[in-house]
Amino acid sequence: HLSRQPAAPSHGAAITVSPSEKKLAHDLYLKGRFEWSQRTPDSLNRALDYFTQALVHDPGKAEAYAGLADTYDLLREYSTMPDTDAYQRAIAAAKKAVELDDSSEEAHRALAFAEFYGNWDFAEGEKEFQRAIELNPNDPLAHKWYANALALQRRYVEGLKQINIAQELDPSSL
């Protein structure tokens, strides 16, 4: 008698996630966002862990992939992770997030940052920043990161417009 292993789901097959698993994944995602916002090497590593755990509970959670991408975008700045590693991981996670949910502003924002700074692909980065802002014109971070990208290209008038929008949206931001 041979024991039979269950068949692995075929590529593209939907994975059923229970409501309790979805809630747990969302809670882990929120913990990841909190840790991400602290912007220290330790908090960013905790954020990676929380986002990864969220994906274990809900593999189709685009937000968690966007969180991973945002975290990798910052890890190269706040830790010893090499730029090439961080940006490759950020791009992969952001592209997966966009694939799962093209309406995710977070995913497009993270992809824009990684394409712009990681690949120095200004056209693709700008396209993604504009898509993020189109999806959520009230995201101060998308405007801020876009402003910085514009300034690096010496497009100061456009950059000032974006940073002013970011400041209006988040007056407490330094």
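Whatever comes next refers back to the structure up there.
What follows concerns the nonpolar core. Within soluble globular proteins, side chains that are nonpolar tend to cluster in buried spots. By size, the foremost hydrophobic cluster in this structure holds 45 residues, and its most contacted members are Trp36, Leu68, Tyr72 and Phe129. Once residues lying within four places of it in the same chain are set aside, the contact partners of Tyr72 are Leu48, Met81, Ala86, Arg89 and Ala90.

For the structure on display, the rule yields nine aromatic pairs. Measuring from ring centre to ring centre gives 4.8 Å for Phe116 and Tyr117, while their planes differ by 70°; the resulting arrangement is edge-to-face. Residues Phe116 and Tyr117 agree in their burial class; the two are buried. Here the basic side chain of Arg39 rests over the ring of Trp36, its NZ or CZ set 4.3 Å away from the ring centre.

What follows is about the pattern of salt bridges. Tallied over the full model, the rule gives 17 salt bridges. Its salt-bridge partner being Glu126, residue Arg155 comes within 2.8 Å of it at the nearest N-O pair. Taken together, the residues Arg155 in the loop between helix 7 (140-152) and helix 8 (156-169) and Glu126 in helix 6 (residues 122-135) connect sequence positions 29 residues apart. Overall, Arg155 belongs to the partly exposed group, its relative accessible area being 21%. The exposure class of Glu126 is buried, given its relative accessible area of 16%. We note a salt bridge from Glu158 to Arg155, for which the minimum N-O separation is 2.8 Å. Using a relative accessible area of 35% as the deciding quantity, one classes Glu158 as partly exposed. Members of the salt-bridge network, linked through shared partners, are Arg33, Asp70, Glu105, Glu106, Arg109 and Asp139.

What follows covers the packing of helix 5 (residues 105-118) against helix 6. Viewed as axis vectors pointing N to C, helix 5 and helix 6 meet at an angle of 160°, and their least axial separation amounts to 8 Å. When the axis of helix 5 is compared with that of helix 6, the two are roughly antiparallel. By crossing handedness, the relation of helix 5 to helix 6 is classed as left-handed. Counting all contacts with helix 5, which are made through Glu105, His108, Arg109, Leu111, Ala112, Phe113, Glu115 and Phe116, the residues of helix 6 involved are Phe122, Glu124, Gly125, Glu128, Phe129, Arg131, Ala132 and Leu135.

Next up on the list: helix 7. The end-to-end C-alpha distance of helix 7 is 18 Å, a good match for the 18 Å that 13 residues give at a rise of 1.5 Å each. When helix 7 is considered as a whole, its buried residues turn out to be Leu141, Ala142, His143, Trp145, Tyr146, Ala147, Ala149 and Leu150. Buried-residue contacts for helix 7 involve helix 1 (19-38), helix 3 (62-78), helix 5, helix 6 and helix 8. For helix 7, the N-terminal capping position is held by Asp139, with its side-chain oxygen 3.0 Å away from the main-chain nitrogen of Leu141.

Computed from the structure, the largest pocket encloses a volume of approximately 430 Å³. Lining of the largest pocket is provided by 19 residues; of these, Arg39, Leu141, Lys144, Trp145 and Ser173 occupy positions nearest its centre. Secondary-structure elements contributing two or more residues to the lining of the largest pocket are helix 3, helix 5, helix 7 and helix 8. Classifying every residue of the lining of the largest pocket by side-chain character gives eleven nonpolar, three polar and five charged.

Let us now look at unusual backbone geometry. With a phi close to 55°, Arg39 is a non-glycine residue in the positive phi region. Unlike most non-glycine residues, Arg154 shows phi in positive territory, near 65°. With respect to the helices and strands, the residue Arg154 is situated in the loop between helix 7 and helix 8. Judged by its relative accessible area of 67%, Arg154 is exposed.

We now examine the side chain of Glu128. On the secondary structure map, Glu128 appears in helix 6. Look at Glu128: it is buried, it has no salt bridge, and the nearest opposite charge is Lys127 at 4.0 Å. Only 2.5 Å separates the side chain of Glu128 from the side chain of His108, close enough to count as a polar contact. Sequence-distant contacts of Glu128, that is, excluding residues within four places in its chain, are made with His108, Leu111 and Ala112.

What counts, and where the lines are drawn
Residues numbered from 1 in each chain as written. Predicted model: local features only at pLDDT ≥ 70, side-chain atom pairs only at ≥ 80, totals over all residues. Heavy atoms only, no water. Core = buried A, V, L, I, M, F, W, Y, C linked by side-chain atoms within 4.5 Å. Buried < 20%, exposed > 50% of the residue type's maximum accessible area, 1.4 Å probe, protein only. Contact = heavy atoms within 4.5 Å. Phe/Tyr/Trp six-rings, centres within 6.5 Å; stacked < 30°, edge-to-face > 60°. Lys NZ or Arg CZ within 6 Å of the ring centre and 35° of its normal. Salt bridge = Lys/Arg side-chain N within 4 Å of Asp/Glu carboxyl O. Helix = DSSP H or I, 4+ residues; strand = E, 2+ residues; numbered from the N terminus. Axes fitted to C-alpha atoms, helices over the stretch in contact; angles between N-to-C directions. Parallel < 35°, antiparallel > 145°, perpendicular 65-115°, else oblique. Left-handed = near helix turned anticlockwise from the far one by under 90°. Expected span 1.5 Å × (residues − 1). Polar contact = N/O pair within 3.5 Å; in protein donor to acceptor, adjacent residues only side chain to side chain. 1 Å grid on protein atoms, 1.4 Å probe; cavity = no way out; pocket = protein on both sides within 12 Å on 5 of 7 lines; lining within 4 Å. Points joined across faces, edges and corners; volume = space filled by probe spheres on them. Nonpolar A, V, L, I, M, F, W, Y, C, P; charged D, E, K, R; others polar. Lys, Arg positive; Asp, Glu negative; His and termini not counted.

Coordinates in, geometry out; function isn't part of it.
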